[in-house]
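Analysis of the macromolecular model
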Amino acid sequence: MSAVLDDLRAAVGAAQVLTDGDLSAWELDWRRRWRGKSLAVVRPGSTAEVAAVIRVCAQHGVTVVPQGGNTGLVGGGVPDASGSQVLLSLQRMNRVRAIDDANLTLTAEAGCVLQALQHAARERGLLLPLSLAAEGSCTIGGNLATNAGGTQVLRWGNARDLCLGLEVVTAAGEVWDGLTGLRKDNTGYDLRDLFIGSEGTLGIITAATLKLAPLPAATTTALAACQTLADCVALLKKARHRLGAGLTGFEVMGRFALDLVAQHFPALPRALPQAPWTVLLEQSDTEGEAPARERFEALLADALEDGCVVDAVVASSLAQSKALWQLRESIPLAQAEEGPNIKHDISLPVSAIAEFVAATDAALQAGFPGVRLVNFGHLGDGNLHYNVQAPAGTDMLAFLAEHEHAVNTLVFDALTPFGGSFSAEHGIGALKRDELALRKSPVALALMRSIKAALDPQGLLNPGRVL
Ligand code: FAD
């Protein structure tokens, strides 16, 4: 192995090939569920260096795990325990290469932290409409590799919808320069869309060109309390009709999810009295604050009158808006504080969600009495984080070891009659690889395997993930 390490040092410089000391920032995942051991953590600073690293690995038959911010939730970005894989960190590739105000595009390297790109766009009066709770740490390369969703999908789509062009290092160590800012470019197969969502298994994303939009004149937030999930869906329908494209966020939070936030982050204000369901609505407006507030107030008055909402508040300042979003964004952190849990990132047609949740809650309580359901998510996209916490007072790790598989099977099987998906936005990684093999059609799996074999015939890139 020392020959590989020597060649890697020659490719990126000895200081960027880490083999000693505490490497857990790269080898342990965000959920603290997968701890690997790498041959080395390699930190290239340019596309040419990434290509050189891949050529070294190809030559020595060493497999590579690409990593951005290491915030992924499905165990896709950390090495296995063999000590034989190179962990390729893109974090040093963090330059904004260009912002084109007239074309409304931003070109940046893969290791740029999402929040830094949002700020870079905002400084030019523009909006990069991708937003998720991990935005202070996740990278644009990781966002594209996982086709991340987040809180603005309702209006702007997933990471895929925001990407016009990519630069990718192939498994052979060649550079594909597809960094176009064109909205129309029907010139053969869409290679960009192959790499987006491929979770590091088909190529290394080194840069991307993203769509921007003009900054809205005002962004307003409101909170609404509902008695049932069906009422939340009724509110969504109303909000879509009344606010049109101005509706940029529609998040739902179950009572127990907010209880966990109150328990672990008591300093955060709750804003509304307890209700079975709380909805966070966001409206972005080109006309300004006052008309946006008026539209929100009219919508909520209508919803209160017909009973789908029982209480509501419109944020009166930016600080209040931020506090409401903080409630929502603290749920995954509060859940992590509470202990290990079984995460389900599922999607369904919005029209089927209430029925699915009622039936599946009941089935879980019958099969695993006392389990606690941490249910929240992007209702506007039909995407729920339908997570299962062990009954209070039980050993959570023992519960997971004994019941995780059965709980997953129950939840994923329940999706089938409703036409749902067992992976909405987090991806497959290591966590859901076996589910993919079970639940995807043989034709789809065969096509995916052919693509993998064509683009990475040596099986060097992130083996054991996705397929
Ligand atoms: P990593 O975790 O480093 O990697 C993720 C995957 O992408 C791995 O398979 C890795 O091999 C691959 N990869 C990384 N960089 C590259 C590259 N340059 N080229 C090729 N492959 C690469 N996700 C959502 O979609 N929506 C949410 O709302 C959301 N909320 C979250 C909230 C919290 C608190 C946390 C911790 C995570 C959340 N996530 C969410 C999941 C995660 O943040 C996203 O999946 C994010 O896109 C991962 O980016 P990253 O840079 O951290 O990637």
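You'll find the structure just up there.
Residues numbered from 1 in each chain as written. Predicted model: local features only at pLDDT ≥ 70, side-chain atom pairs only at ≥ 80, totals over all residues. Heavy atoms only, no water.

**Quick notes on the site of the ligand**
Applied cut-off: Note on terminology: near, applied to a residue and a molecule or strand, indicates that one of the residue's heavy atoms is within 4 Å of it. In protein, a polar contact means a hydrogen-donor-capable atom and an acceptor-capable atom, both N or O and within 3.5 Å, with residues adjacent in sequence counting only if both atoms are side-chain atoms; elsewhere, any N or O pair within 3.5 Å suffices. For the area figures, the Shrake-Rupley method with a 1.4 Å probe applies, and any residue is considered shielded solely by the protein chains shown. To qualify as a helix, a DSSP run of H or I must reach at least 4 residues; to qualify as a strand, a run of E must reach at least 2; elements of each kind are numbered from the N terminus.
Near the ligand you find 35 residues, and of these Pro 66, Gly 68, Thr 71, Gly 72 and Thr 139 are the closest. At 2.9 Å, a side-chain N or O of Asn 143 approaches an oxygen atom of the ligand. At a separation of 3.0 Å, an oxygen atom of the ligand approaches a polar side-chain atom of Thr 146. For the ligand, whose unbound accessible area comes to 970 Å², protein coverage reaches 97%. Among the elements of the structure, strand E3 (64-67), helix H5 (140-145) and strand E10 (204-211) are those that each provide at least two residues to the shell around the ligand. It is H5 that contributes the most residues to the shell around the ligand, four residues altogether.

**Examining the packing of aromatic side chains**
The cut-off we apply is this: Paired rings are identified among Phe, Tyr and Trp, the last through its six-membered ring, by centres lying within 6.5 Å, and are further divided according to the angle between planes into stacked (under 30 degrees), edge-to-face (over 60) and tilted (the rest). For a Lys NZ or an Arg CZ to count as sitting over a ring, it must be within 6 Å of the ring centre and within 35 degrees of the ring normal.
Following the criterion strictly, the structure yields four aromatic pairs and no others. An aromatic cluster is built from Phe 356, Tyr 386 and Phe 418, whose rings are joined through pairwise contacts. Arg 155 extends its terminal NZ or CZ atom over the ring of Trp 156, reaching a point 4.0 Å from the ring centre.

**With respect to the sheet that holds E3**
Our working definition: Only when DSSP finds a minimum of two bridges between them are two strands counted as paired. Note on contacts: a residue pair qualifies if any of its non-hydrogen atoms lie within 4.5 Å across the two residues. Lines fitted to C-alpha atoms define the axes here, with helix axes fitted over just the stretch in contact, and angles between the N-to-C directions of these axes take values from 0 to 180 degrees.
What the four strands build is an open sheet, ordered E1-E2-E4-E3; its pairing is mixed. Of all strands in the sheet, those with a lone pairing partner are strand E1 (17-18) and E3, marking the two edges. As paired strands, E1 and strand E2 (residues 38-42) are joined by two bridges and run antiparallel to one another. Along E2, the bridge assignment pairs Leu 18 with Val 41. Contacts from helix H1 (residues 2-12) reach E1, E2 and strand E4 (85-89) within the one sheet, and its direction differs from that of E2 by about 5°. This element, helix H3 (residues 47-60), spans E2, E3 and E4 of the sheet and lies at about 175° to E4.

**Description of the pattern of salt bridges**
The following threshold applies: Criterion for a salt bridge: a side-chain nitrogen of Lys or Arg within 4 Å of a carboxyl oxygen of Asp or Glu. Whether a residue is buried, partly exposed or exposed follows from its accessible area with a 1.4 Å probe, protein chains only, as a fraction of its type maximum: under 20%, in between, or over 50%, in that order.
Within the structure shown, the criterion is met by 22 salt bridges. Between Asp 285 and Arg 295 there is a salt bridge whose closest N-O contact spans 2.1 Å. Separated by 10 residues along the polypeptide, Asp 285 in strand E14 (residues 277-285) and Arg 295 in helix H11 (residues 289-306) bring together distant segments of the chain. Judged by relative accessible area, Asp 285 falls into the buried class, the value being 6%. Under the relative-accessibility criterion, Arg 295 is labelled partly exposed at 27%.

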